[in-house]
Amino acid sequence: MNRILPVLTVVVALIVLWYLGAVAMNAQWTRDQAARAGQELSFTGIVADTLSQDRPKLPAPHQVAAELWQTTVQKSITSKRSLVYHGWVTLSATLLGFAIGTGAGILLAVGIVHNRAMDMSVMPWAIASQTIPILAIAPMIIVVLNSIGIQGVLPKAIISAYLSFFPVVVGMVKGLRSPDAMQLDLLKTYGASGGETFRKLRLPSSMPYLFTSLKVGIAASLVGAIVGELPTGAVRGLGARLLSGSYYGQTVQIWAALIAAAALAAALVGVVGLIQRATLKRMGMER
Amino acid sequence: MTEPVITAEKLDLTFQTNDGPVQALRDVNLTINKGDFVSFIGPSGCGKTTFLRVIAALEHPTGGHITVNGMTPDEARQSRAYGYVFQAAGLYPWRTIAGNIKLPLEIMGFPKAEQEERVKNVLQLVDLEGFGKKYPWQLSGGMQQRASIARALAFDADILLMDEPFGALDEIVRDHLNEQLLALWARTQKTIGFVTHSIPEAVYLSTKIVVMSPRPGRIADVIESPLPRERPLEIRDTPEFIAVAHRVREGLRAGHSYD
Amino acid sequence: MNLVIGALVFWGAAWWVNLRIANGRGRDTRAARLAVPVLFGLTLLVLWEGLVRGLNVPGVILPPPSAIATRFAASLPILWVDFVQTFVKGALSGYVIGCGAAVATAIIIDRSPFLQRGLLPVGNFIAALPVIGIAPILVMWFGFDWQSKAAVVVVMVFFPMLVNTVQGLAASTAMQRDLMQTYSANYWQTLLKLRLPAAMPFVFNGLKISTTLALIGAIVAEFFGSPIKGMGFRISTEVGRLSLDMVWAEIAVAALAGSAFYGLVAAIEKGVTFWHPSQRG
């Protein structure tokens, strides 16, 4: 309970700052227009105009909210102008890529934990890969796959997959290795086989680590899908909305797409968090 | 020699917790004289650590009166009346042993040359010459605790407050440190308040033993030790020693502390 | 076909050698720990080269490593100009400003538990968002040149850095703070002598995460508009002209810059937090 008031205060302060910023950044254009028309503007006139321009430098929150309302609720879902449609395009690529990346990541982690040679050869590269901007390969993957006839959701999903792959590998290896020597020795005294040790000790202990990297992974997947939409010429998806908005100076559209992407990310991370809580609760590991 | 240094009258302290108020200290009356070695002993929850923290102004009483050197605990702290040694050594790992001992001196604004001088002296006092340039994690637990005692001695306070300083060490190291502590006390003539839950340790070290009992935390018995100030380790096998230890044990049992 | 078979044979041989090293007696030596991943990386390169050449994969789909290396060596001046534009001007300046601002903000809100309770969840929330989407807006505000890229980087690194620093400032134990209190230390003495040093492992964690974010931000922001230089610009235009060897050369620069930047920060961390259990090893 004692977190809600401070968080609300900060959020309200951000919105107030946003309005002040909108007035300050858009005032120049208002004054220029008025000067060209030879009009004198009162202070309230300036403020009112800055908050209702067509292509403001910084749209006011209520303009963005109105745009969001129009492009979600008031458009049919199949319309090219519906944010729900674009959001679904991005989301499907994100989820497909996330599933591929996570699945492959978990498999590789299991292999790494059980095979020394694999561990020693792959693990340093998996860790190093987190320090390099692999996102830079995205445009190339899209264009190359396009040139050999693969289009649509798959190229973006591949980008999403490799962005979520490495965090999952590193987190899962850490998790599978988290039982200490005493716990492993205990199972040895029971004469447990390698498979039993894995199912009864390693896998359950890895869950908290896995979920932590899943949260990182799904956020990265979304970023991958959005960036993957940029080089195809801005047709479909939230990334396309961002790019076409920036081509035509439609700032309100950019902000609406940005908020939609943020909401999507928050929802995805939130869902993973819920699954995490439910799983850990069933396993009796909740804190 | 019987000049009072710490006096507590009708001291009360109640903590407000989520489970309702908890009376940590009730009606505590105690006088500690200059040069005393006073041990506080009792089961956990008896308020012995809380009382030490009240003397150090880390907690503030909700009733009663306490003076340290004739001042309030807060004023006494400002005038550097005491050094405090915690359960763990609590040395900063990013500072060398000498750097850790310098920490209070830097905060209190001692001149650079005097800092070096004092570090050298207290390292000698706790038998750690030559370890000044080491980092805490390169030393054993017993050595770390000695360094933390040196840190408390560095600014030459009259009173040394020690909260179970040897609780985490094994018995052999503990015996050795107890012997060294007595030697140090004899040399420096400081007044020492010492929290422990080991009966032999309390009897071996103290001139005065305060037996406390829990719920609410209060004083059950105060024992003036008949043992001489000069104490070899063998004194623990004498009848006098065993008699004092017996009385402490009786006091603890009378407090119904083991429920 | 011989090339394909040769590559596969090399793969098999390298795998056998790695197995021998990994299960042999000297497996925990430094040399073994270095040799195995290097051999593995080399295997990938040989496989790549052999398969691409042997199966005649066209260069517009996947150029062989040798072609990339040749292009890399021949384009050093261009790569250098792009590196300066994107890494030094865009990423590095944004990194310094963003991390500096975050640490300063953390210290300012340090005295207000109310602000911390409010800002920390918001900061955690924003750190998980696709912040990179703000790039088109900042490109509009700050123009096509490196200033807008630096601004994107500032926004991207600010919140992860803020969250880590605030956590770090809370990392000292109650006992350590009690100790400072028995010395009557004031707020600033406690901050400088205890809480900031204790926060360093967390601060460096944030700094390390931010190195990658900074480079990603600077490159991707260039996809939304840039002058005719820069790593992101080069990647998107050369992809369009299907000269993939140049794209791979830029990616190699990005990878080298990214790991060198991370390595540098990690080396400074080792020097500053030498006392932390994770660094003593």
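Residues numbered from 1 in each chain as written. Chains lettered and ligands numbered in written order. Predicted model: local features only at pLDDT ≥ 70, side-chain atom pairs only at ≥ 80, totals over all residues. Heavy atoms only, no water.

*Asks:* Please clarify how the interface of chain C and chain B should be interpreted in this entry.
*Replies:* It is common to report an interface's size as the accessible area lost on association of the parts. If you look at the interface, chain C gives 18 residues, while chain B gives 24 residues. Taking both partners together, chain C and chain B bury about 2,100 Å²; carbon and sulfur atoms supply 69% of that area. The interface formed by chain C and chain B contains two salt bridges. The partner of Lys193(C) in a salt bridge is Glu106(B), and the shortest N-O contact between them spans 2.8 Å. The interface formed by chain C and chain B contains five residue pairs in polar contact (both at pLDDT 80 or more). At seven residues, helix H8 (residues 174-182) of chain C tops the list of elements feeding residues into the side of chain C that touches chain B. Of the residues belonging to the side of chain C that touches chain B, the class tally is ten nonpolar, five polar and three charged. (Contact = heavy atoms within 4.5 Å. Buried area = accessible area lost by both parts, 1.4 Å probe. Salt bridge = Lys/Arg side-chain N within 4 Å of Asp/Glu carboxyl O. Polar contact = N/O pair within 3.5 Å; in protein donor to acceptor, adjacent residues only side chain to side chain. Helix = DSSP H or I, 4+ residues; strand = E, 2+ residues; numbered from the N terminus. Nonpolar A, V, L, I, M, F, W, Y, C, P; charged D, E, K, R; others polar.)

*Asks:* Help me out: how do you make sense of the sheet that holds strand E1 (residues 4-17) of chain B in this one?
*Replies:* Within a sheet, adjacent strands bond to each other through the backbone by hydrogen bonds, running parallel or antiparallel. All names here are of chain B. A sheet is described by the order of its strands in space; here three strands give the open sequence E2-E1-E4, paired in antiparallel fashion. Where the open sheet ends on each side, the last strands, each with one partner, are strand E2 (20-33) and strand E4 (63-68). In this sheet, adjacent strand axes meet at a mean angle of 20° when their direction is disregarded. Pairing of E1 with E2 involves ten bridges; the strand directions are antiparallel. (Pairing = 2+ DSSP bridges. Axes fitted to C-alpha atoms, helices over the stretch in contact; angles between N-to-C directions.)

*Asks:* Before we go on, may I ask you to explain the nonpolar core in this structure?
*Replies:* Counting 128 residues, the largest nonpolar core has Met140(A), Tyr162(A), Val227(A) and Leu207(C) as the members making the most contacts within it. No other element matches the 14 residues that helix H11 (residues 251-282) of chain A contributes to this core. Excluding anything up to four places from it in sequence, Met140(A) contacts Val239(C), Leu244(C), Val247(C), Trp248(C) and Ile251(C). By size, the runner-up hydrophobic cluster in this structure holds 95 residues, among which are Ile41(B), Leu227(B), Tyr183(C) and Trp275(C). (Core = buried A, V, L, I, M, F, W, Y, C linked by side-chain atoms within 4.5 Å. Buried < 20%, exposed > 50% of the residue type's maximum accessible area, 1.4 Å probe, protein only.)

*Asks:* How do you make sense of the sheet that holds strand E6 (residues 159-163) of chain B when you look at a structure like this?
*Replies:* All names here are of chain B. Read from one edge of the open sheet, six strands run E5-E6-E7-E3-E8-E9, paired in mixed fashion. Sheet topology places strand E5 (82-85) and strand E9 (218-224) at the edges, where each strand pairs with a single neighbour. For this sheet the average axis-to-axis angle between neighbouring strands, irrespective of direction, equals 15°. Running at roughly 165° to E5, helix H5 (residues 141-153) makes contact with E5 and E6 of the sheet.

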